[in-house]
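Chain residues, written in single-letter form:
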Amino acid sequence: NFRKEVAIRSAAEAEQVARETLWVLFHVFGYRGDAPLVINSHRGERARQAAVHDRLTPEDFLKLALAAGFQAWQLPAEGETPLITLAHGRCRSVALLGARVRDGSLFGSVLLRAMVRRPGPGLSRVDRARRQVVSASLIEGDDGAVWAQTELVFRGGVSSEWIIESLGRWPAIVRECERALRVRARARTRALRGGDPSRV
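Report on the accompanying structure.

Analysis parameters
- Residues numbered from 1 in each chain as written.
- Predicted model: local features only at pLDDT ≥ 70, side-chain atom pairs only at ≥ 80, totals over all residues.
- Heavy atoms only, no water.
- Helix = DSSP H or I, 4+ residues; strand = E, 2+ residues; numbered from the N terminus.
- Buried < 20%, exposed > 50% of the residue type's maximum accessible area, 1.4 Å probe, protein only.
- Contact = heavy atoms within 4.5 Å.
- Expected span 1.5 Å × (residues − 1).
- Arc of directions from axis to C-beta.
- Pairing = 2+ DSSP bridges.
- Salt bridge = Lys/Arg side-chain N within 4 Å of Asp/Glu carboxyl O.

### With respect to the overall build of the chain
Then, number 1: Each helix and strand counted, the chain has three helices and nine strands in total.
Then, number 2: Overall, the chain shows an N-to-C arrangement of helices and strands of α-β-α-β-β-β-β-β-β-β-β-α.
Then, number 3: Classification of the 200 residues of the chain by burial places 30% in the buried group.
Then, number 4: In the chain, 50% of the contacts between residues at least 6 apart in sequence involve partners at least 24 apart.

### Quick look at helix α1 (residues 11–28)
Then, number 1: With 18 residues, α1 should cover 26 Å at 1.5 Å per step; its first-to-last C-alpha distance of 25 Å lies within 8% of that length.
Then, number 2: Positive backbone phi, at 70°, marks G30, one or two positions downstream of α1.

### So, helix α2 (residues 58–67)
Residues spaced three or four apart along an α-helix face the same direction, because each turn holds 3.6 residues.
Then, number 1: Of all the positions in α2, only P58, F61, L62, L64 and A65 are classed as buried. Projection of α2 onto a plane perpendicular to its axis shows the buried side chains occupying an angular sector of 165°, all on one side. Seen from the open side of α2, the exposed residues pointing more than 90 degrees away from its buried face are K63, L66 and A67.
Then, number 2: Directly beyond the C-terminal end of α2, a positive phi value near 95° is found at G69.

### Describing the side chain of T57
Then, number 1: Assignment of secondary structure puts T57 in the loop between β1 (52–53) and α2.
Then, number 2: Using a relative accessible area of 16% as the deciding quantity, one classes T57 as buried.

### Focus: the pairing of strand β5 (residues 107–117)
Looking along a regular strand, one sees the side chains alternate between the two faces of the sheet.
Then, number 1: Of all 11 residues in β5, nine are buried, a share of seventy percent or more.
Then, number 2: Between strand β4 (residues 91–100) and the antiparallel strand that follows it, β5, lie six residues; G104 among them carries a positive phi value of about 95°.
Then, number 3: By the bridge criterion, eight bridges tie β5 to strand β8 (residues 146–153) in an arrangement that is antiparallel. Within the sheet, the bridge partner assigned to R113 lies in β8 and is Q149.

### A closer look at unusual backbone geometry
Then, number 1: Unusually for a residue other than glycine, A99 sits at a positive phi of about 50°.
Then, number 2: In this structure, A99 sits in strand β4.

### Regarding the pairing of β4
Then, number 1: Strand direction decides the pairing type here: strand β3 (residues 83–88) and β4, joined by six bridges, are antiparallel. From the neighbouring strand, A87 faces β4, where its bridge partner is R92.
Then, number 2: Between the antiparallel neighbours β3 and β4 lie two residues, among them G89 with a positive phi of about 65°.
Then, number 3: Alignment of β4 against β5, held across six bridges, turns out to be antiparallel. Paired with L96 across the bridge in β5 is L111.

### Thoughts on the pattern of salt bridges
Then, number 1: This model, assessed by the stated rule, comprises six salt bridges.
Then, number 2: Notably, a salt bridge pairs D54 with R55, separated by 3.1 Å at the nearest N-O pair.
Then, number 3: Taking relative accessible area as the criterion, R55 reaches 36% and is therefore assigned partly exposed.
Then, number 4: With a shortest N-O distance of 2.9 Å, R179 and E176 are connected by a salt bridge. Of this pair, R179 and E176 both sit in helix α3 (residues 160–193), separated by three residues, roughly a single helical turn.

Printed below as a string of structure tokens:
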């Protein structure tokens, strides 16, 4: 079990390491170039190296949203929070960039929000058991509207792939929230028809 660690700081050092490597392959392993050389190496790591983001500009987020299959537009800012609208099929959402970094153009998180029930009279309140659905929270307004929301936090560094996959799951999460509210509404209707107000 031979092991040697080398430092390559110049072209001359790279050439020296290449000569030593060829010498080992030729004299120790008997390799003569008759077949393609394939080297499988494993360092015992479960993580892979990748470029990561720990903050984004609104333009960065727009590019990632487009890569995730969304139509995306940045709205004129009303205050310090950039607002981006997202459309994916019939799923309409907004993205609010947060955790502003000092220079003002970089942000460390994004809050995704989509309306899953419109305001209206006579709507049941969202019960506590339903306020957390999959990986989103349900936020209820005074007018009865209900919003699904989740936050993507970039602290510590996340890859572009992670952001794109997280955005790609968002429409399915919104549909699940809508389904949960419909199930709740049907259960309430059945309870009212059955004359059992305690189940409403």
